[in-house]
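Chains, contacts and geometry: an overview
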There are 2 protein chains.
Amino acid sequence: MPPYPKVEAFKFHIESYLCDLNEQIRLASMVNYMLDAATEHAEKRGFGYKSLKEDNRAWVLSRLLIEIMEYPKNESDLTIKTWVDEVARTFTYRNFSMHDETGKAIGYARSIWAAIDMETRRPMNLMDWRPEMAEYIGQEENCPIEHPGKITPVKAGIYDSFTVKYNDVDINKHVNSVRYIEHMIDTFGLSFFKEKHIEKFEIIYLTESTFGDILTIHREERTPEEYVVEIRKGNTAVCRCLIRWKNKKSNKIIS
Amino acid sequence: MPPYPKVEAFKFHIESYLCDLNEQIRLASMVNYMLDAATEHAEKRGFGYKSLKEDNRAWVLSRLLIEIMEYPKNESDLTIKTWVDEVARTFTYRNFSMHDETGKAIGYARSIWAAIDMETRRPMNLMDWRPEMAEYIGQEENCPIEHPGKITPVKAGIYDSFTVKYNDVDINKHVNSVRYIEHMIDTFGLSFFKEKHIEKFEIIYLTESTFGDILTIHREERTPEEYVVEIRKGNTAVCRCLIRWKNKKSNKIIS
């Protein structure tokens, strides 16, 4: 038996500055909390950011797929459960389930991570390096959503562009994973957020961008509910996401 | 004796996504934590966001002055103490002191707030409305920094501009106070953050801006260490800040 349970639940309080005009948590704020939970879960079990850093390695998020049925409200508590689903040669699969104050599941997520060598930026074999991770593998909780799939490239001109600035970058001077999500979601106008919510968000991170880079945003409507947004550095796709919107149950329009 | 002490300390853990390329907390992340502390302090004592909302009133941040001697590091704990310094006819003064893991003070702040009527958007007399706030007034902790002063308007053309998007706005569809701070600090290039840190940041909020507004950023160098940055909507100043930089003690340059 490993010293910690496979699944751990983390409780977060939703402060108002994490909320949007619907008084609900923003998707990007929820992802930050998911990454907090993942960090703490891994840290405690000996394969977190700090343990990797000692060996000059780092976790890099490669893919993330989230499905949200209901966005928790301002000033409520959000519980995030997380566990390691699988460890393959160079990728690790981590799942999440999100719960409201009553314990009801309000969303699920699957994520795929690589542990890279910080010198070569190449992925490394995790099981060779941390064989004890094996003890924590295995889905004991429910994660009834599909696996991350293919997102075909966007065929569209420049929708918007931005220069990578101080508040976009992380401790490695690379654009923070969640900041890309904000820039992508920010391509949508007020009417989307009044009438709909994002029920599925899937992102694939392809390469890194850094302070001062000029990035372009490309957006393509695949169906009236589904959009693909790509961020590019020159001709190279940096990341690409699929956003699926759902009309709100009640047609109450926010003034 | 009021049921709670005048001063309360709140402890926060500095997650890596709150940190910058120097592996230190970003100023904007620190302000978010200060606002968390202020919210919780006020809420417990009966004059927080929720209590005000019941009477259709809301807190609006009018001014903020922060002086930071040292930025706490990634994965360390930050303690923020906060208390009500003074209550005047339409403004309330709240102070903060920031402490590192050893308890050493690493920064101080003063803030000025108005409680507005949400219908009229006009400030109201707080002491008439919540006379029990009087019990919590009084500086028992040290706040050895100057009071917010005058920041004269910027005389400069457009430095940059942006459209207010989804992730900029709060639950009232107004741009979040901290988001303005990010946009202002984001006018500075990489060399500033490599060689210096912000030792003083002072902001005055003048009017509100909302989803879809096009805002321009104006920046003026007052001395090589002092800059004033203004965000405008057309010809109207929305907010204005003064940023004072200090060379880092060690001249260790980050690669």
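Structure first, text after, so check above.
Before going into details, it helps to say that this report is about the structure given with it.

This next bit is on the relation of the copies chain B and chain A. One copy of the chain maps onto the second through a rotation around an axis plus a translation along that axis. Mapping chain B onto chain A is achieved by rotating through 180° and translating by 0.0 Å along the same axis, at an RMSD of 0.0 Å. Within this description, the copies of the chain are treated as partners about a two-fold rotation axis. Taking C-alpha positions as reference, the residue of chain B nearest the rotation axis is Phe162(B), located at 4.9 Å. A high fraction, 100%, of the interface residues of chain B reappear at the interface in chain A, so the copies pair face to face through one surface.

By the definition in use, this model includes 42 salt bridges over all chains. A salt bridge links Arg130(A) to Glu132(A); its shortest N-O distance comes to 3.9 Å. Put simply, Arg179(A) and Glu182(A) hold a salt bridge, and the shortest N to O gap is 3.9 Å. Separated by 3 residues within a single helix, Arg179(A) and Glu182(A) lie in helix H4 (residues 177–185), roughly one turn from each other. Given a relative accessible area of 12%, Arg179(A) falls into the buried group. Taken together, the salt bridges that share partners define one network made up of Asp168(A), Arg179(A), Glu182(A), Asp168(B), Arg179(B) and Glu182(B).

The next point concerns helix H1 (residues 27–44) of chain A. Residues and elements named next belong to chain A. An ideal rise of 1.5 Å per residue puts 26 Å on 18 residues; H1 measures up with 26 Å between its terminal C-alpha atoms. Burial of H1 is extensive: 15 of the 18 residues sit out of reach of the surface. Immediately downstream of H1, the backbone of Gly 46 shows phi near 90°, a positive value.

On to the state of the cysteines. Residue and element names in this part refer to chain A. One pass over the structure, following the stated rule, counts 0 disulfides over all chains. No disulfide involves Cys 239; its sulfur sits 7.4 Å from the nearest other cysteine sulfur, which is in Cys 241. For Cys 239, a relative accessible area of 0% puts it in the buried group.

Moving on, we get to the pairing of strand E8 (residues 214–221) of chain B. Residues and elements named next belong to chain B. In terms of residue burial, E8 counts as a mostly covered element, since 6 of its 8 residues are buried. Taken together, the 4 bridges between strand E6 (residues 160–163) and E8 define a ladder with antiparallel strand orientation. If you follow Thr 163 over to E8, its bridge partner there is Ile 214. The sheet contact formed by E8 and strand E9 (residues 226–233) spans 6 bridges and is antiparallel. Note that in E9 the partner of Glu 220 across the bridge is Val 228.

Cut-offs and rules
Here the residue index of a chain counts from 1 through its sequence in written order. Labels follow written order: the first chain is A, the first ligand is 1, and so on. In keeping with the model being predicted, local features are shown solely for residues with a pLDDT of at least 70 and side-chain atom pairs are shown and tallied solely at 80 or more, while totals for entire chains, interfaces and linings include all residues. Computation of side-chain values covers all heavy atoms of the structure but excludes hydrogens and water. A residue counts toward the fit only if its pLDDT is at least 70 in both copies, and the copies are then superposed by least squares on the C-alpha atoms of those residues. The criterion used for residue contact is that any of the two residues' heavy atoms lie within 4.5 Å. Note on definitions: salt bridges are taken to be side-chain nitrogens of Lys or Arg within 4 Å of carboxyl oxygens of Asp or Glu. Starting at the N terminus, helices and strands are each numbered in turn, a helix being any DSSP run of H or I of at least four residues and a strand any DSSP run of E of at least two. Each residue's exposure class comes from its accessible area (1.4 Å probe, protein chains only) as a fraction of the maximum for that residue type: buried when under 20%, exposed when over 50%, partly exposed otherwise. Every helix has an expected span of 1.5 Å times one less than the residues it contains. In this description, the term disulfide denotes a pair of cysteine sulfurs within 2.5 Å. Between any two strands, pairing holds if DSSP finds at least two bridges.

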